[in-house]
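So the chains spell out like this:
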Amino acid sequence: MSRFGGKPPMGRDRVRLSTTEKQAAVAAAKDQKPEFDNDKLLNLLRSAKSELQGMRLIHMHLSLLRDKDPSSQMIVRTIIQELANKASYLQSFNISNGDVIILYKGLKLTGVTDVCQKVEQIFLAKTTLTGPNPYKEYSLYSIMELALNFINVIRFIEELQANETGNHSNETKPPITLEEMAKLERSMQMFDLSPFLFNQAIANIGRNAEEDMAYFELYISIKLLQERLCPEYDITANKWLFNYFTANLDQSVLRALNHGLSFMRGRRIGININLSTVISTGFVKFDERLPLDFRGQVVLEISKGDLIENLSLFNEVVEFAQDRRYQIAVDGLNPFWVTNFDLEYLNADYAKIFWSNDMLEMDPTFEKYFIERIQEQDRCKFILARCDSVSSLVYAHKVGITMVQGRAVDNILRKGVSVREAIAHAKVA
């Protein structure tokens, strides 16, 4: 990934379009009224989730150019066409904020990078960038594996549309009713959940860790599912109905996983699941069909609230998990709960703490106690989740948390960099 910080590279001739290329692009821009492809791209991504393996994405951040060129989208698409003949698949999308997104398969990364650098040099020879792109990089382009960044791309487009239409996610929706929940339940029985099933890495940052990845959490995006199946209501507003919904969602996820885990082959996986689901017939069927190479490689992630409300059931699930070689993660903790839970007594294998900037301002006495509690746990391993910044990763290392998860981790992994190395570099810097 090249980074010019908004300026063309020193000691290199500026790259220019040929007169023919420039004229063709400008003429096309004048003759054709721009049609934005936000909805088209969203629909394609949601319907093609199972076909994302091997597909990559180029995101040209033209909206960040300080001096906008009305023909910039057409210029990019004209240049990108030189890749089309070599690709097994290539499709470009004009985004309403002025960006261009290209999906492709079957191209060498070096060739794609060369073309992207050509585009970057053309534009940055005339103007500068206004700031970092949505992926926190000072570059006009981003190249990424789509399968690893699927949720980020969808989130980018949806937030863009929300800003443009005024339909912000913080608008209050009425709580879902019992009648609507019944309709949703019937829909889910016939609905393909695969476009909403994602995985996110939990990375090891401990010095003695044998592998870079602890496991990959599989989860359903509740937000995307709600927008698709019942956009008029808030599924989460009624706690009882939400618990009922997630129990049904668990069964749908288990059915989807029963059709095959080949897409996660060779990886340890974590599944968000209700305690009641683990003792259900649906989970028994899942357990019976679990491939042999996944036995001992599955982590059951149980929310803190579910544990507190159903402690006796949790103990029952732990006994079952130990017998069937599952591991247990307690999800949704904060420093307060870490200092008040005896995780060793609970036989938890992992404890997941949600990062908050407030952790940087903890009372020194309490923080000392928090760190001591982490160090006291011999068997239970801690994960700092929802890490959205480098400072959150550095904090995890500081207090002795050996695993991290979140957008900051995703961004580092997407660049092919070790999370350990990134943290070491950040500490030096």
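Read on for an overview of the structure. (Residues numbered from 1 in each chain as written. Predicted model: local features only at pLDDT ≥ 70, side-chain atom pairs only at ≥ 80, totals over all residues. Heavy atoms only, no water.)

On to the packing of helix H14 (residues 364–376) against helix H15 (residues 390–399). At a closest axis distance of 10 Å, the pairing of H14 and H15 adopts a crossing angle of 70°. In this view, H14 runs roughly perpendicular relative to H15, as classed from their interaxial angle. Contact residues: Glu367, Phe370, Ile371 and Ile374 in H14; Tyr395, Lys398 and Val399 in H15. Classifying every residue of the contact of H14 with H15 by side-chain character gives 5 nonpolar, no polar and 2 charged. (Axes fitted to C-alpha atoms, helices over the stretch in contact; angles between N-to-C directions. Helix = DSSP H or I, 4+ residues; strand = E, 2+ residues; numbered from the N terminus. Parallel < 35°, antiparallel > 145°, perpendicular 65-115°, else oblique. Contact = heavy atoms within 4.5 Å. Nonpolar A, V, L, I, M, F, W, Y, C, P; charged D, E, K, R; others polar.)

Quick look at the nonpolar core now. The biggest cluster of nonpolar side chains holds 97 residues, and the ones touching the most others in it are Phe314, Leu343, Ile353, Leu384 and Val404. If you tally residues by element for this core, the top one is helix H5 (residues 146–165), at 8 residues. Apart from residues no more than four positions distant in its own chain, Leu384 is found in contact with Ile353, Phe354, Trp355, Met359, Ser392, Ala396, Ile401, Met403, Val404 and Gln405. Core analysis: the second largest hydrophobic core is formed by 26 residues, Met60, Leu62, Ile75 and Leu83 among them. (Core = buried A, V, L, I, M, F, W, Y, C linked by side-chain atoms within 4.5 Å. Buried < 20%, exposed > 50% of the residue type's maximum accessible area, 1.4 Å probe, protein only.)

If you trace the 8 strands once around the closed barrel, you get S5-S6-S7-S8-S9-S10-S11-S12, paired in mixed fashion. One ladder, built from 3 bridges, connects strand S6 (residues 213–220) with strand S7 (residues 269–272); its direction is parallel. Each bridged residue has a counterpart across the sheet, and for Phe216 the counterpart in S7 is Ile269. Along the sheet, helix H8 (residues 239–258) contacts strand S5 (197–204), S6 and S7; its crossing angle with S6, the most-contacted strand, is approximately 120°. (Pairing = 2+ DSSP bridges.)

Strand residues, when the strand is regular, have side chains that alternate between the two faces of the sheet. Along strand S1 (residues 56–60), 4 of the 5 residues are buried, which leaves the element largely enclosed by surrounding structure. Here S1 runs beside strand S3 (residues 100–105); their pairing, made up of 5 bridges, is antiparallel. Note on S3: the bridge partner recorded for Arg56 is Tyr104. Summarising the sheet, S1 and strand S4 (residues 141–145) pair through 5 bridges and their orientation is antiparallel. Within S4, the position partnered with Ile58 by the bridge is Ile143.

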